[in-house]
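An overview of the molecular structure
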Amino acid sequence: MSSFSSHQLSGLVGQFHVRGTVASVMPFGSGHINDTYRVQIDKPGERSYLLQRVNHHVFSDVPAVMENIRLVTGHLRAKYRANGDSDERLLDRKVLTLIPTKTDQFFYRDEQGNFWRMFVLLENTRSYDIVGTPKQAREGGRAFGQFQRLLSDLDAALIREVLPDFHHIGRRLDKLHRAVTADAVQRCRRVGEELAFISKRERRMHTVLQLADSGELPVRIIHNDTKFNNVLLDEEDRLQCVIDLDTVMPGYVAYDFGDAIRTIINRAAEDEADLRRIALNIPLFEAYTEGYFEEAHPFLTVGEVDSLMEGVLLLPYMQAVRFLTDFLEGDHYFKTHHPDHNLQRARAQLKLVERLEAEEPALLGIINRVKSRYG
Ligand code: GN1
Ligand code: MG
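In this report, we go over the structure that sits alongside the text. (Residues numbered from 1 in each chain as written. Chains lettered and ligands numbered in written order. Predicted model: local features only at pLDDT ≥ 70, side-chain atom pairs only at ≥ 80, totals over all residues. Heavy atoms only, no water.)

**Comments concerning the overall build of the chain**
For the record, the criterion: Numbering goes from the N terminus for both helices and strands, where a helix is a DSSP run of H or I of at least four residues and a strand is a run of E of at least two. Two things to know: the radius of gyration comes from C-alpha atoms, and the globule rule equals 2.2 Å times the number of residues to the power 0.38. In this scheme, a residue with accessible area under 20% of its type's maximum is buried, one over 50% is exposed, and one in between is partly exposed, where area comes from a 1.4 Å probe on protein chains only. In these tables, accessible area is a Shrake-Rupley quantity obtained with a 1.4 Å probe, and a residue counts as shielded only by the protein chains included in the view. Charge counting treats Lys and Arg as positive and Asp and Glu as negative, with His and both chain ends excluded. Think of each charge as sitting on NZ of Lys, CZ of Arg, CG of Asp or CD of Glu.
What the chain contains, in helices and strands, is 12 helices and 9 strands. Against the globule reference of 21 Å for 375 residues, the chain gives a C-alpha radius of gyration of 21 Å, in line with a compact fold. If you line up the chain on its principal axes, its C-alpha atoms span 60 × 55 × 40 Å. Burial analysis of the chain (375 residues in total) assigns 55% to the buried set. Of the roughly 16,500 Å² that the chain leaves accessible, carbon and sulfur atoms contribute 49%. Of note, the chain has its 48 positive side-chain charges centred 2 Å away from the centre of its 54 negative side-chain charges.

Shown next as structure tokens:
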């Protein structure tokens, strides 16, 4: 994380509509892309905030990102209101709330060209990097199912594709192959096994794209970053809010399902170094699937349901391709905490693919069982 002095950070907070003076600004969360700080206000009863520097090397059009978020949060709020939620303080717990700047914009651009934004921080909420209980997993499934359902009537053409081809496996593989050819930091010789594993599965991993090309999958507005720590739960593990909306873009529901399962079903961390610890927690898969169908069954098509298992295999595979590409290019994209971090992450994700392949019939059986409850 780039370092900013507390004086600079307090000055940045002062650009936004916040009452009271700043008591503290502390680094917050475990995201790989943006820098996040928790802002405490020195005034009894005043709420706290999240200040974020949006990574403009990843998001080259930050105003478009912010416009997407404004549209999406506005639509979600309107839907909750239409469903009878009238208390605005409670709505602030269901939908991310942006704080405008004093010049009424949703981001502030500093002299160095950094983009900053501010959200209301939800008190007494938690997010988890690793899921512990079926209840948490079920709430995660409800969270993303509800998110997709409430956005299913927002015109996808209004949402800008701020990261083009974000989950297009063909483009991701092309980029990997280019990184292999360039071998910019001479790391290629270390990844022979990983490349062989990836290449063996290339064909199958195109299935979602093929289904989409043949018209089986509707384009929907999806979250595109459904790792479990992007769901906030309260102290009793009840769903509060879906966060991290930078990547909300048109896509296929299999991507969101697969990316969520990637973090939920894995008993170990995304970057676990000891590959023996990568093991599946199938009851959590079942709970997530139940929660997801509970919310999503009204809109899911038969084709979409049939694509979910493909997403489950594809997303950890694609994540490994992305981590490996970044490793070969010299670690420019994801924040890393040690020199081989991206390689370690890629290996962990490929091991997860292997474990998922071994349990494919069991996982498919669960999806079919849950689906059959909805006729
Ligand atoms: C990044 O920002 P964060 O950590 O939630 C990445 C996701 C990856 C994820 C892997 C914009 O998400 O796509 O799945 O890391 N976000 C972007 O942990 O690339
Ligand atoms: Mg994120």
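**Overview of helix 5 (residues 169-182)**
We apply this condition: Expected helix span is taken as 1.5 Å per residue step, with the number of steps being one fewer than the number of residues. The contact criterion used is simple: two residues touch if any of their non-hydrogen atoms lie within 4.5 Å.
With 14 residues, helix 5 extends 20 Å between its outermost C-alpha atoms, agreeing within 8% with the 20 Å of an ideal straight helix rising 1.5 Å per residue. The set of residues buried in helix 5 consists of Ile169, Gly170, Arg172, Leu173, Leu176 and Ala179. If you follow the buried residues of helix 5, they end up packed against helix 6 (192-200), helix 7 (207-213) and helix 10 (302-329). Asp183, located one to two residues past helix 5, shows a positive phi value of around 45 degrees.

**Side note on the site of ligand 1**
Spelled out, the test is: Throughout, the term near means that a residue has one or more heavy atoms lying within 4 Å of the molecule or strand in question. We define a polar contact as two N or O atoms separated by no more than 3.5 Å, with the added condition that, inside protein, one atom must be a possible hydrogen donor and the other a possible acceptor, whereas residues neighbouring each other in sequence contribute only through side-chain atom pairs. Under the convention adopted here, Pro, Cys and the residues Ala, Val, Leu, Ile, Met, Phe, Trp and Tyr are nonpolar, Asp, Glu, Lys and Arg are charged, and Gly plus all remaining residues are polar.
Neighbouring residues of ligand 1: 17 residues in total, closest His32, Lys227, Glu270, Gln319 and Tyr333. Between an oxygen atom of ligand 1 and a side-chain N or O atom of Asp225, the distance comes to 2.9 Å. Relative to its free-state accessible area of 440 Å², ligand 1 is covered by the protein chains to the extent of 96%. Split into classes, the residues belonging to the shell around ligand 1 amount to 6 nonpolar, 5 polar and 6 charged.

**So, the coordination of the magnesium ion (ligand 2)**
Reference values for angles at a metal are 109.5 degrees in the four-donor tetrahedral case and 90 or 180 degrees in the six-donor octahedral case. Put simply, the test is: Nitrogen, oxygen and sulfur within 2.8 Å of a metal are treated as its donors, or within 3.2 Å for sodium, potassium and calcium (Na, K, Ca); water is not counted, so a site can appear incomplete.
The protein atoms that coordinate the magnesium ion (ligand 2) are Asp225 (OD) and Asp244 (OD), at distances of 1.6 to 2.2 Å. Linking Asp225 in the loop between strand 6 (220-222) and strand 7 (231-233) with Asp244 in the loop between strand 8 (239-242) and strand 9 (249-251), this pair joins segments that are 19 residues apart in sequence. Under the relative-accessibility criterion, Asp225 is labelled buried at 18%. For Asp244, a relative accessible area of 27% corresponds to the partly exposed category.

**Here's the deal with helix 4 (residues 134-151)**
Residues that lie three or four places apart on an α-helix share one face, since the helix turns once every 3.6 residues. The end-to-end C-alpha distance of helix 4 is 26 Å, a good match for the 26 Å that 18 residues give at a rise of 1.5 Å each. In terms of residue burial, helix 4 counts as a mostly covered element, since 14 of its 18 residues are buried.

**Things to note about the sheet that holds strand 3 (residues 49-54)**
The following threshold applies: Between any two strands, at least two bridges found by DSSP are needed for them to pair.
Read from one edge of the open sheet, 5 strands run 1-2-3-5-4, paired in antiparallel fashion. A strand with exactly one partner marks an edge of an open sheet, and here the two such strands are strand 1 (22-27) and strand 4 (108-109). As judged from the 2 bridges shared by strand 4 and strand 5 (residues 115-120), these two strands associate in the antiparallel manner. In the strand pairing of strand 5, Tyr108 is matched with Trp116.

**Details of the packing of aromatic side chains**
Heads up, the condition is: We call Phe, Tyr and Trp rings a pair once their centres come within 6.5 Å, taking the six-membered ring for Trp, and we label the pair stacked below 30 degrees between planes, edge-to-face above 60, and tilted otherwise.
Evaluation of the coordinates by the stated rule reveals 13 aromatic pairs. Centre to centre, the rings of Phe257 and Phe285 are 6.2 Å apart; their planes meet at 85 degrees, and the pair counts as edge-to-face. With Phe257 in helix 8 (residues 253-264) and Phe285 in helix 9 (residues 282-296), this pair connects stretches of sequence that are 28 residues apart. For Phe285, a relative accessible area of 0% corresponds to the buried category.

**Thoughts on the nonpolar core**
Heads up, the rule is: Note on terminology: a nonpolar core comprises buried Ala, Val, Leu, Ile, Met, Phe, Trp, Tyr and Cys residues joined through side-chain atoms within 4.5 Å.
Core analysis: the biggest nonpolar cluster contains 108 residues, and Phe257, Phe285, Tyr288, Tyr292, Leu314 and Tyr317 have the highest contact counts within it. At 15 residues, helix 10 tops the list of elements feeding residues into this core. Beyond its immediate chain neighbours, meaning those up to four positions away, Tyr288 contacts Ala137, Arg138, Gly140, Gly141, Phe144, Asp256, Phe257, Ala260, Ile261 and Ile264. With 17 residues, the next largest nonpolar core counts Phe4, Val18, Tyr37 and Val120 among its residues.

**Digging into the packing of helix 4 against helix 9**
So the rule is basically this: All axes here are fitted lines through C-alpha atoms, helices being fitted over the stretch that makes contact, and every angle between N-to-C directions spans 0 to 180 degrees. Just so you know how the angles are binned, under 35 degrees is roughly parallel, over 145 roughly antiparallel, 65 to 115 roughly perpendicular, and the rest oblique. Here is the rule for handedness: rotate from the far helix to the near one, and if that takes an anticlockwise turn smaller than a right angle the crossing is left-handed, while a clockwise turn gives right-handed.
The contact between helix 4 and helix 9 brings their axes to 7 Å, and the two run at 30 degrees. Judged by the inter-axis angle, helix 4 sits roughly parallel to helix 9. At the point where helix 4 passes helix 9, the crossing takes the right-handed sense. Contacts between helix 4 and helix 9 involve Pro134, Ala137, Arg138, Gly140, Gly141, Arg142, Phe144, Gly145, Gln146, Gln148 and Arg149 from the former and Leu284, Ala287, Tyr288, Glu290, Gly291, Tyr292, Glu294, Glu295 and Ala296 from the latter. Classifying every residue of the contact of helix 4 with helix 9 by side-chain character gives 8 nonpolar, 6 polar and 6 charged.

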